[in-house]
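# Coordinate analysis (summary)
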Amino acid sequence: MKQPLPKGFKVLEVEEKWQKKWEDMGVYRFDWNDKTCPTFSIDTPPPYPSGEFHMGLVLNWTYFDMVARYKRMKSYNVYFPQGWDCHGLPTEVEVEKLHGIKKTDLPPDKFRRLCEELVSKNIGVMKKAITNLGCSIDWTTEYKTMDPNYWRRTQLSFVLLYKKGFIYRGTHPVNWCPRCETAIADAEVEYETRTAQLHYIRFKLEEGGFLTIATTRPELIPACVTVAVNAHDERYKRYVGKEIHVPTANRTVEVITDDLVDPEFGTGVVMICTYGDKADVKSVSKHNLPVITCVDEKGEMTQNAGKYAGMTTEEAKKAIIEDLKKEGLLEKIEPISQEVSVCWRCHTPIEILEREQWFMKTRILTDQIEKNALEIKWYPDYMKYRLIDWAKSLDWDWVISRQRVFATPIPIWYCKKCNETVLAEPDWLPIDPRIENPKIDKCPKCGSNEFKPERDVLDTWFDSSISCAVHAGWPDRKDWRRLFPADMHASGVDIIRTWAYYLMVRHLALFNEKPYKSCLINGMVLGTDGRSMHKSFGNYVASQEVFSKRGADAARQWVAGGGATGSDIPFRWPDVEYGWRFLIKLWNASRFVSNQLKDYILDENARHVLQPLDKWILSKAERLTKRVTDALERCQFNIAMEEVRNFTWHVFCDCYIEAAKDRLYKPEFHGEEKRKAAQYMLYNVLYRILQLLAPITPHITEEIYQTMYAEEKGYRSIHLSPWPTLDIKSMDEEAEKHGDLIMAVITEVRREKAEKRMSLNTQIKRLTIYAGGKGTAEIIMESRRDISGTCKVADIEIVPEEREGREIKPYSNISFVAEY
Ligand SMILES: [Zn+2]
Ligand SMILES: [Zn+2]
């Protein structure tokens, strides 16, 4: 005697129950001891603990989780880790804001502690959200990049790359955020279109007369090192090589030619400063020009700016414009729309400063990146070009040092006497050189025993970009190569240039191997109005609101069905509602099935007398299995979900169950054998549906499985049950054709009742079907009992000829006449 499902499905209760049970049961643990099943490792990106698990992350994590669950059911030993990328600017900025301080107001260890507190709190909130989403993470793998045990790995990778020659210290221009007071990498620079003012300024020629240059940044005039024109610009040819006065500064520079100068921009004469933009950097290195730094780390004017020293750049700009006006050197000012480089975190326009920094050689790897990107399987395929194009576009190596506090320390000291660089040895790690001395007695070069620490710290990407190796167990597990490269790296389209790129360069440099074999890319979540989702746009939806209203299984259906993998998807409440209604439909159908199976005993060897409609649903279920499997293999989640949802709702519930009811209810009329056959189909097709849905809606499928199937099937969880293998011999095109015809007859008769506003239970005294041919008549004849049972027909007659009646769509030669 089987237990039927209870009435009413309590979504939130059921979800919470399973989230807890799965963890207690250890359903999602990777089995290190299992050497028989193939492994499948996912490189889960450790998120930055902002404290908010927004809908974009819901999209990311649902994608990863659907893959993990599918692969687990495909009998892979799945490794689905979770870490937290704690360090970095965003947390520091947040702590400064929260406590109303600047990082320099506190000793570094105190400031660091405030950061750690905030991060731990935020991780708690986000971990809860990942759990609420029903992600099948192996939580025994959890790690935090701010823990000394992770520093050890980051620092070891630094030491190894240093020894391999990939890391160097040098004075180069870097992107600098004057608000955050740190160097930032190209990947952290964003571009905003702003309206700027183009100033036309006269530079006096030594020989008399003047040239007018156009610039948006007159405050950089004190850093002007040359004035340039295009060599092909006939207007200015005769001035090349002439000396020209730099206004407000008491010096002259030479007029030169440079191909980078656009004759169409402004007057076609430009000043080259150190540095206004990246073009200036190129010109300086090409023409071997001097560097005059007039802006410092805080965005203030230096001594090189003469009387403007100490002013902010904004103040200096105003003062210089005033002085130019007084001297009659300012011709005019025009508005101009301009792309401004800004800090990704605080949106302050960046400066380009020359400063001693640590760099990693990345550009020498560009060819290898391209080769590997082409070898990797990308979902969707075109995303590989985002990585390749980005790698090729880079002008500079990666600046990996930061002038911040909350980060992994660089394991380096310098000899106070001879300035020799001392690199930590692997067995000293983790180490904070700001607190500890190198573990050597004296400087290997001069014998001094006094050292000063490197105070700069590492870019946070330097922590997280070794995740593929760390997840695999590097450097502690001897067998780490078993899970390396990761089978899949997964992340958002907006961070290919960071996550995917940095992972690639770091692992190529460290291990001479690509870090991942495939790359799954998701798009962005847009707001309900189709614009990007943002709190200030009023289109923001918090994930907790969705979870607490309709639960995770409904939210996951929105993700899966939102659009093609890789495309941006708008958040739509109606999709969540539809998902929720589907859960209710599935629950009610399962409850019906469970009630019909009270006396059903599974017997794999029993031979059932399958009716045409049984063979029909069996074949359709097999075909569905093939389609869903193919779609999941290609990470086409929207196709997989639509297929299984349509099948469940329309083929299984609306058609098969309705047509089978009479057989189930009236064995005395149809025969016990036929009832058994219907029970057998209900049992198996529902099980198939649950299995195919399990990666998408893990909670409801588990609940139904545990009540109806667990005892007989014997798997601890539906998520540990093997994915259905295709049963080719059940796929029967003829059975499907015949069943489609029978279902069309039933549907059309029921439709007529509905149009006549009759109840579906209204008796039809006599139903005459004009089959339009002998073959069709025989097919309909075979299922006449299902038809008359479902349509409540007292007397059914099947005529082989084609005659006038209500047409049974889409068969133009078949019709019927019903007498009520
Ligand atoms: Zn900034
Ligand atoms: Zn020394």
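All of the points below concern the structure found in this document. (Residues numbered from 1 in each chain as written. Chains lettered and ligands numbered in written order. Predicted model: local features only at pLDDT ≥ 70, side-chain atom pairs only at ≥ 80, totals over all residues. Heavy atoms only, no water.)

## A look at the overall build of the protein chain
The helix and strand tally for the protein chain stands at 24 helices and 29 strands. Summarising its shape, the C-alpha atoms of the protein chain cover approximately 115 × 65 × 45 Å along the three principal directions. A buried classification covers 57% of the 820 residues belonging to the protein chain. Considering only contacts in the protein chain between residues 6 or more positions apart, those separated by 24 or more positions represent 78%. Surface exposure of the protein chain reaches about 34,700 Å², of which carbon and sulfur atoms provide 48%. Taken as two groups, the 117 positive and 120 negative side-chain charges of the protein chain have centres that lie 3 Å from each other. (Helix = DSSP H or I, 4+ residues; strand = E, 2+ residues; numbered from the N terminus. Buried < 20%, exposed > 50% of the residue type's maximum accessible area, 1.4 Å probe, protein only. Contact = heavy atoms within 4.5 Å. Areas by Shrake-Rupley, 256 points an atom, 1.4 Å probe, with all protein chains shown as cover. Lys, Arg positive; Asp, Glu negative; His and termini not counted. Charge placed at Lys NZ, Arg CZ, Asp CG, Glu CD.)

## Points about the packing of aromatic side chains
Under the counting rule described, the total for this entry stands at 35 aromatic pairs. Centroid distance Trp18 to Trp22: 6.4 Å. Interplanar angle 35°. Geometry classified as tilted. In this pair, Trp18 and Trp22 are both assigned in helix H1 (residues 11-25), 4 residues apart and thus about one turn of the helix distant. An identical accessibility class is assigned to Trp18 and Trp22; each is buried. (Phe/Tyr/Trp six-rings, centres within 6.5 Å; stacked < 30°, edge-to-face > 60°.)

## Describing the coordination of the zinc ion (ligand 2)
Ideal geometry at a metal centre: 109.5 degrees between donors when four sit tetrahedrally, and 90 or 180 degrees when six sit octahedrally. Here the zinc ion (ligand 2) is held by the protein donor atoms Cys415 (SG), Cys418 (SG), Cys443 (SG) and Cys446 (SG), which lie 2.2 to 2.3 Å from it. For the zinc ion (ligand 2), the 4 donor atoms in the first shell make angles of 103 to 113° at the metal, so the coordination geometry reads as tetrahedral. Positions of the donor residues of the zinc ion (ligand 2) along the chain correspond to the pattern C-x2-C-x24-C-x2-C. Taken as a pair, Cys418 in the loop between strand S18 (412-415) and strand S19 (421-423) and Cys443 in the loop between S19 and strand S20 (451-453) lie far apart in primary sequence, 25 residues in all. (Donors = N, O, S within 2.8 Å, 3.2 Å for Na, K, Ca; no water. Tetrahedral: all angles 85-135°; square planar, octahedral: opposite > 155°, others 65-115°.)

## Some details on unusual backbone geometry
Of the consecutive residues Thr274 and Tyr275, the connecting peptide bond is found in the cis state with omega at -5°. Topologically, Tyr275 is positioned in the loop between strand S12 (269-273) and helix H6 (278-287). The phi torsion at Glu181 lies on the positive side, around 55°, for a residue other than glycine. Here Glu181 is to be found in the loop between strand S5 (167-177) and strand S6 (182-184).

## Things to note about the coordination of the zinc ion (ligand 1)
For the zinc ion (ligand 1), the full set of protein donor atoms is Cys177 (SG), Cys180 (SG), Cys343 (SG) and Cys346 (SG), and the range of their distances to it is 2.2 to 2.4 Å. Taken together, the 4 donor atoms coordinating the zinc ion (ligand 1) span angles of 102 to 122° at the metal, a pattern that classifies the geometry as tetrahedral. The sequence pattern describing where the donors of the zinc ion (ligand 1) fall on their chain is C-x2-C-x162-C-x2-C. Taken together, the positions of Cys180 in the loop between S5 and S6 and Cys343 in strand S13 (residues 330-343) put the pair 163 residues apart, joining distant regions of the chain.

## Quick word on a nonpolar patch on the surface
A contiguous nonpolar patch, built from Leu374, Tyr382 and Tyr385 and spanning about 310 Å² of accessible area, is present on the exposed surface. Along the chain, the position of Leu374 falls in helix H8 (residues 366-375). Judged by its relative accessible area of 44%, Leu374 falls in the partly exposed class. (Patch = residues over 30% accessible without salt bridge, like charges linked within 9 Å, V, L, I, M, F, W, Y side chains within 5 Å. Salt bridge = Lys/Arg side-chain N within 4 Å of Asp/Glu carboxyl O.)

## Re the sheet that holds strand S27 (residues 793-799)
Spatially, S27-S26-S29-S28 is the arrangement adopted by the 4 strands of the open sheet, whose pairing is mixed. Lying at the two open borders of the sheet, with one neighbouring strand each, are S27 and strand S28 (806-808). Ignoring strand direction, the axes of neighbouring strands in this sheet form an average angle of 30°. Sheet topology places strand S26 (residues 764-770) next to strand S29 (residues 811-819); 5 bridges connect them, and they run antiparallel. (Pairing = 2+ DSSP bridges. Axes fitted to C-alpha atoms, helices over the stretch in contact; angles between N-to-C directions.)

## Describing the sheet that holds S19
Ordered by their spatial adjacency, 3 strands build an open sheet running S19-S18-S20, and the pairing between neighbours is antiparallel. Lying at the two open borders of the sheet, with one neighbouring strand each, are S19 and S20. The mean inter-strand angle of the sheet, taken between neighbouring strand axes irrespective of direction, is 35°. Where S18 lies against S19, 3 bridges are found, and the strand directions are antiparallel. The residue bridging Ile412 from the neighbouring strand is Leu423, located in S19. Each of S18 and S19 touches helix H5 (residues 148-163); the most contacted strand, S19, lies at about 125° to it.

## Some points on the pattern of salt bridges
Enumeration according to the criterion identifies 69 salt bridges in this entry. As a salt-bridge pair, Arg806 and Glu755 come within 3.0 Å of each other at their nearest N and O atoms. Highlighted residues: Arg806 in strand S28 and Glu755 in helix H22 (residues 733-755), separated in sequence by 51 residues. Given the relative accessible area of 21%, Arg806 is considered partly exposed. In the salt-bridge network here, residues are joined through shared partners; they are Glu92, Glu96, Arg179 and Arg404.

## Let's talk about the pairing of strand S14 (residues 351-360)
Extensive coverage of S14 is indicated by the burial of 7 of its 10 residues. In terms of strand pairing, S5 meets S14 through 10 bridges, oriented antiparallel. In the strand pairing of S14, Tyr168 is matched with Phe359. Where S14 and strand S16 (residues 398-399) come together, 2 bridges link them in antiparallel fashion. Each bridged residue has a counterpart across the sheet, and for Met360 the counterpart in S16 is Trp398.

## Quick look at helix H7 (residues 313-326)
Spanning 14 residues, H7 covers 20 Å between terminal C-alpha atoms, matching the ideal 20 Å at 1.5 Å per step. Three or more residues of H7 are buried, namely Thr313, Ala316, Ala319, Ile320, Ile321, Asp323 and Leu324. The inward-facing, buried residues of H7 contact strand S7 (189-204), S13 and S14. Directly beyond the C-terminal end of H7, a positive phi value near 70° is found at Gly328. (Expected span 1.5 Å × (residues − 1).)

## Points about the environment of Ala183
Positionally, Ala183 belongs in strand S6. C-alpha of Ala183 to C-alpha of Ile400: the two residues are 217 residues apart in sequence and 8.6 Å apart in space. Beyond its immediate chain neighbours, meaning those up to four positions away, Ala183 contacts Val174, Asn175, Trp176, Gln357, Val399, Ser401, Arg402 and Gln403.

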